[in-house]
Amino acid sequence: MTDEEIRKIRKKNNLILGLILVAFVALVFSITVAKMMGGATLEAYDHVRRPQLEDIK
Amino acid sequence: MTETIIKTTSDQTDFGNYISLLKPRVMSLVVFTAAVGLIVAPGSMNVVLAFASVLFIALGAGASGSLNMWWDADIDSIMKRTQERPVPSGKVSANNAMLVGLWMSVLSVGMLGLASNWLAAALLAFTIFFYAVIYSMWLKRSTPQNIVIGGAAGAFPPMVGWVAASGSVSIEAIGMFMLIFMWTPPHFWALALFMNEDYSKAGIPMLTVTHGKKSTRNHILTYTVLLTPFSIGLAFTSIGGPIYFTLSIILSLMFLLGSLKLFRRNEKIATEDNYTDERKLFKFSLFYLFLLFTALLIEALMRSLDISLIAWPQVF
């Protein structure tokens, strides 16, 4: 394999890897947004008494 | 792993060779069965999370494929069917295959946990471990039952999909698992009948090598009979219905007839026609699984649209 061929393959591989990384970042962002929209586990104390979070016996 | 195997690895390789490491054809079956498992599960899942879950289950399958190629490079280089895989052909080094497999395992399990739930992630981790360690490293080279027990690795994806969506294992998930688990032996033994030379040369104790082809033909028939109740039984769970039931009856009968045909054939006839019926059964078995899972998908679609053909009993 000539230097030129190696350079070409390397460039192509780097480009594909770059695109995969961008897609991965976009996916993680989308997962975060989807999870936050679900909001199922986001309830927490915010300096106000929240009776629904306390054990009522 | 022996020293004899791998051709010199070039410094730079095409990206496509790394994709081949992940066994894309196996991945496509995993994507399909996992997606069906996820879609037919009760409850609704955000479409982004569902997509991500299936993607990470597929990546997990790819990771185990890469680890398998790293470990099996020595025998892959002997078998005609696998000689052109990236590691034995020298396109990717064994070490790189191992690193890709390990990092992708960590990534897929971690991300599936974040996208869905940690039970699904744990099941995926176990699936990767089962395929790479229990099957590839241990069973494959040590027992003719390799395919029977190792089949569990391929049977987990729909269960992982189900758990990703519903958060728990149930009878339906076990039913889908059993369907693929019982389907795997006749599927692979049909392949082994016409690929026997490969396995024999590589010293893999496939049933065809250790017990002969006659015994393998008996086993194919026996396992197809054992598969049938699991295939039809799934119709009477919450994910089954009349369409799945009808299809499972027809396909099971066809599978049984095909196996019976192989059972009645001998080596002389099979060699003369270049294993035509064995090849047919192997191809048919792929269709069988694909159509049954498609039927489950149709049943789920009909349920979601509230379309009911007839009153259907749910026994399990």
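Up top is the structure.
Cut-offs applied
- Residues numbered from 1 in each chain as written.
- Chains lettered and ligands numbered in written order.
- Predicted model: local features only at pLDDT ≥ 70, side-chain atom pairs only at ≥ 80, totals over all residues.
- Heavy atoms only, no water.
- Helix = DSSP H or I, 4+ residues; strand = E, 2+ residues; numbered from the N terminus.
- Buried < 20%, exposed > 50% of the residue type's maximum accessible area, 1.4 Å probe, protein only.
- Salt bridge = Lys/Arg side-chain N within 4 Å of Asp/Glu carboxyl O.
- Contact = heavy atoms within 4.5 Å.
- Buried area = accessible area lost by both parts, 1.4 Å probe.
- Polar contact = N/O pair within 3.5 Å; in protein donor to acceptor, adjacent residues only side chain to side chain.
- Nonpolar A, V, L, I, M, F, W, Y, C, P; charged D, E, K, R; others polar.

(A) Representation of unusual backbone geometry in the model. Residues and elements named next belong to chain B. Its identity as a non-glycine residue notwithstanding, Lys23 has a phi of 55°, on the positive side. Take Lys23: it is sitting in the loop between α1 (15-21) and α2 (24-40). With a relative accessible area of 12%, Lys23 lands in the buried category. The phi angle at Asn274 is positive, at roughly 55°, despite the residue not being glycine. Examined against the element boundaries, Asn274 turns out to sit in the loop between α13 (267-272) and α14 (276-304). For Asn274, a relative accessible area of 48% gives the class partly exposed.

(B) Highlighting the pattern of salt bridges. Residue and element names in this part refer to chain B. Scanning the entire structure with this criterion turns up 16 salt bridges over all chains. Between Arg217 and Glu267 there is a salt bridge whose closest N-O contact spans 2.8 Å. Of the two residues, Arg217 sits in helix α11 (residues 212-233) while Glu267 sits in helix α13, which places them 50 residues apart along the sequence. Residue class for Arg217 comes out buried when judged on its relative accessible area of 1%. Take Glu267: its relative accessible area is 26%, and that puts it in the partly exposed class. For Asp277, the salt bridge identified is with Lys280, shortest N-O distance 4.0 Å. With Asp277 and Lys280 both in helix α14 and three residues apart, the pair spans about one turn of that helix. Bridged by salt links that share partners, the residues Lys213, Arg217, Lys261, Arg265, Glu267, Asp273, Asp277, Glu278 and Lys280 form one connected network.

(C) Representation of the interface of chain B and chain A within the structure. Every contact between the two is made by 16 residues of chain B and, on the other side, 16 residues of chain A. Between chain B and chain A lies a buried interface of about 1300 Å² when both sides are counted; carbon and sulfur atoms form 73% of it. Summed over the shared surface of chain B and chain A, the result is one salt bridge. With its nearest N and O atoms 2.9 Å apart, the salt bridge here joins Asp14 of chain B to Lys12 of chain A. Inspection of the region where chain B meets chain A yields four residue pairs in polar contact (both at pLDDT 80 or more). For the side of chain B that touches chain A, the secondary-structure elements that each account for two or more residues are α3 (47-71) and α5 (94-115) of chain B. By residue number, the principal contributor to the side of chain B that touches chain A is α3 of chain B, which donates six residues. Looking at the side of chain B that touches chain A residue by residue, the classes come out as 11 nonpolar, four polar and one charged.

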